[in-house]
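# Architecture and fold: a report
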Amino acid sequence: MESHNNKEDTEDKTPTSSSTSPLIKGSFLMKARQSSSSTTTLNKKQTFMDSSSKNDHHSKMKMKTIHAINFATHDYLGMACPNPEFFKKDVVKEASIQALSKYGCGSCGPRGFYGTIDAHLDLEDAMAKFFHTDGAILYSDGASCAASTVAAFAKRGDLLVVDEGIYEALGTGVTLSRANVKYFKHNDMQDLRRVLERVQATDESLGRKLNDQRRFIVVEALYKNYGTLCPLDELVKLKEEFCYRLILDESFSFGTMGATGRGALEHFGLEPMRHAEIITVSLENSMGSIGGITVGNEEVVDHQRLSGAGYCFSASLPPFLASAAQASLKRMETEPKVLTTLKENIGYFYNLLQSELGDIIPNKLVITSEIGLSPLVFLQLANDDDDHDDDSKRFWTRTEQVRILDEIAQKCLEMDIFIVSTGRHVTHHLHKVPPPSLRMTIMAKQSKAEIRTAISVLKTVIGKVLDDFDTEN
């Protein structure tokens, strides 16, 4: 399917990690904080207004604190909110305080206009060295990094071949580029080949040469809204066969995959610059900070310093956040046990989920994320076309799915387990809206006991909610 983007330039504002800023949803204000134990807790303030006094400025406020185990935020390595039993020192906090004392808070302008400070350059050098690339360029937030990078390289008349499951920030970059776009089915390499072969056939019929048009394949390494892993080994072979460049977003695989945490490229034994020309990384997940980095060769980096909209026209990242990210990177390099612990927790969670919920999975719920590898665990309600027993087959409407999964998430929170139901909010700025799901994030700071507790609560709640729904219907 081909489309030509002519929408107005709009910047996607995806929320940052709630480990570093409050997470606002509806009338709730939740903020992750550190407790004396390894359990992450939540402060929850619920504000309500009496229906009879909607116009009354003296509206009532009800406050309640809930302590819950955090399976909702993207602090995979526990850098933003460290467990004192796991890390003896909070090096990220210390680095931030030192930077605030030295530089103050703001940076006073865009990078090209008095906004570049040595903390920014130090982080760029450190990331380039870590990825073994020629250079790196720092953006002030993760969403603008992905969106600006795509739009900096692809222009009107160029071609983007895009996975239909990309997340909001990449989708915004595709729209802003004004390029011709062809989508392929999510993670389907056969469909990707079909799209590339059709483009090749069109080239032959028009007598068009390969260098007449700039062409990119755009994918996520680990998909934010699905938890699925891109088969980069197969994709790289296709991109080389058909002579495309690859724009790869490693925001959710960085720090979670690969022997040293470099991401999915490292997991597959591939190399930056050689197998993926342009790589974007958010600092708002594993790094526990704010911002985004694009790494590549000198041309890739230098081009964005004049063409990356988020780099040229946005105030640069506050220096203390750059220092925080650099402290996280150093800890990841010098204390590799955090990577090992995360991978152990991921494997333990999936194994326990399948063994303890054997009567529910896959008959009533199916795991749709990458089992054993993805720190983003997704559960969807099983439908007729899913692999489950005949006696439990049925079709859920989207409204029913959202209602059931929302209720499961709410009852889990009431039992002190914080997970996310995605059906209501993962809908905007997407080419394809994913099915409603329960999303759980696995972190290095979670203990085995906390994981067992979460699985136990999940089993109890899912069984009760589904039984109650069946009884009602």
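This structure is a prediction, so every number in the text was calculated from the model and none was measured. (Residues numbered from 1 in each chain as written. Predicted model: local features only at pLDDT ≥ 70, side-chain atom pairs only at ≥ 80, totals over all residues. Heavy atoms only, no water.)

## A look at the overall build of the chain
The helix and strand tally for the chain stands at 14 helices and 18 strands. With 473 residues in all, the chain has 56% of them scored as buried. Within the chain, residue pairs in contact and separated by at least 24 positions form 70% of the contacts whose partners lie at least 6 positions apart. Total accessible area computed for the chain in this model is approximately 21000 Å², and 51% of it derives from carbon and sulfur atoms. (Helix = DSSP H or I, 4+ residues; strand = E, 2+ residues; numbered from the N terminus. Buried < 20%, exposed > 50% of the residue type's maximum accessible area, 1.4 Å probe, protein only. Contact = heavy atoms within 4.5 Å. Areas by Shrake-Rupley, 256 points an atom, 1.4 Å probe, with all protein chains shown as cover.)

## Some words on the packing of helix 4 (residues 142-153) against helix 9 (residues 298-307)
Taken N-terminus to C-terminus, the directions of helix 4 and helix 9 make an angle of 100 degrees; their axes are 10 Å apart at the nearest point. Our classification of the angle between helix 4 and helix 9 gives roughly perpendicular. Along the contact surface, helix 4 presents Thr149, Ala152 and Phe153, while helix 9 presents Val300, His303, Gln304 and Ser307. Partitioned by chemical class, the residues of the contact of helix 4 with helix 9 number three nonpolar, four polar and no charged. (Axes fitted to C-alpha atoms, helices over the stretch in contact; angles between N-to-C directions. Parallel < 35°, antiparallel > 145°, perpendicular 65-115°, else oblique. Nonpolar A, V, L, I, M, F, W, Y, C, P; charged D, E, K, R; others polar.)

## A short note on the sheet that holds strand 18 (residues 438-441)
Here four strands make up an open sheet; going across it, the order is 14-15-18-17 and the pairing antiparallel. Looking along the sheet, the strands with just one partner apiece sit at the ends: strand 14 (365-367) and strand 17 (420-421). Two strands pair when backbone bridges link them, and strand 17 and strand 18 are joined in this way by two bridges, in the antiparallel orientation. Looking across to strand 18, one finds that Val420 is bridged to Arg439. (Pairing = 2+ DSSP bridges.)

## Some words on the side chain of Thr341
Structurally, the position occupied by Thr341 is in helix 12 (residues 337-356). Within the structure, the side chain of Thr341 is placed 2.8 Å from the backbone oxygen of Lys337, a separation counted as a polar contact. Contacts of Thr341, omitting those with residues within four sequence positions, involve Phe86 and Ala444. (Polar contact = N/O pair within 3.5 Å; in protein donor to acceptor, adjacent residues only side chain to side chain.)

## Here we look at unusual backbone geometry
The step from Ile361 to Pro362 runs through a cis peptide bond, and the omega angle for that step is 5 degrees. Look at Tyr114: it is not a glycine, yet its phi comes out positive at around 65 degrees. Relative to the elements of secondary structure, Tyr114 occurs in helix 2 (residues 111-115). Assessed through its relative accessible area of 78%, Tyr114 is described here as exposed. Positive phi is not limited to glycine here, since Met273 has a value of about 70 degrees. Turning to its location among the elements, Met273 is positioned in the loop between helix 8 (264-267) and strand 12 (278-282).

## A word on the packing of aromatic side chains
Using the criterion set out here, one finds seven aromatic pairs in the structure. Both rings, one in Phe130 and one in Phe254, keep their centres 5.9 Å apart while their planes meet at 90 degrees; by these two values the pair is edge-to-face. In this pair, Phe130 sits in helix 3 (residues 118-131) while Phe254 sits in the loop between strand 11 (245-249) and helix 8, placing the two residues 124 residues apart along the sequence. Looking at Phe254, the relative accessible area reads 1%, which means it is buried. Ring centres of Phe131 and Phe254 lie 5.4 Å apart, and the angle between their planes is 25 degrees; on these two criteria the pair is classed as stacked. A residue pair is termed long-range when its members are at least 10 positions apart, and Phe131 in helix 3 and Phe254 in the loop between strand 11 and helix 8 qualify at 123 residues. Exposure class is identical for Phe131 and Phe254. Each is buried. (Phe/Tyr/Trp six-rings, centres within 6.5 Å; stacked < 30°, edge-to-face > 60°.)

## Here's the deal with the environment of Thr280
Following the sequence through the fold, Thr280 ends up in strand 12. Residue classification places Thr280 among the buried residues on the basis of a relative accessible area of 2%. Once residues within four sequence positions are removed from consideration, Thr280 is found in contact with Cys145, Ala146, Thr149, Leu248, Asp249, Glu250, Ser251, Ile293 and Thr294. Polar side-chain contacts of Thr280 include one of 2.7 Å to the side chain of Asp249.

## A closer look at the side chain of Thr149
Mapped onto the secondary structure, Thr149 falls in helix 4. Residue Thr149 is classed as buried on the basis of its relative accessible area of 0%. Thr149 has contacts with Tyr139, Ser144, Ile278, Thr280, Thr294 and Gln304, leaving out every residue within four places of it along the chain.

## Brief notes about the pairing of strand 8 (residues 159-163)
With five of its five residues buried, strand 8 lies for the most part within the structure. On strand 8, burial covers both faces: Leu159, Val161 and Asp163 on one face and Leu160 and Val162 on the other are all buried. The sheet contact formed by strand 8 and strand 10 (residues 215-220) spans four bridges and is parallel. Of the residues in strand 10, the one forming a bridge with Val161 is Ile217. Where strand 8 and strand 9 (residues 180-184) come together, five bridges link them in parallel fashion. Counterpart to Leu159 in the pairing with strand 9 is Asn180. Each parallel crossover has a hand, and the one from strand 8 via helix 5 (residues 168-177) to strand 9 is right-handed. (Right-handed = clockwise from strand over helix to strand, strands pointing away.)

## A word on the pattern of salt bridges
Following the criterion strictly, the structure yields 17 salt bridges and no others. Between Lys89 and Glu94 there is a salt bridge, with the nearest N and O atoms lying 3.8 Å from each other. The exposure class of Lys89 is partly exposed, given its relative accessible area of 48%. For Arg111, the salt bridge is made with Glu124, and the minimal N-O distance between the two is 3.0 Å. Separated by 13 residues along the polypeptide, Arg111 in helix 2 and Glu124 in helix 3 bring together distant segments of the chain. A residue is classified by how much of its surface remains accessible, and Arg111, at 6% relative accessible area, is buried. If you follow the salt bridges from partner to partner, you end up with Arg111, Glu124 and Arg305 in one network. (Salt bridge = Lys/Arg side-chain N within 4 Å of Asp/Glu carboxyl O.)

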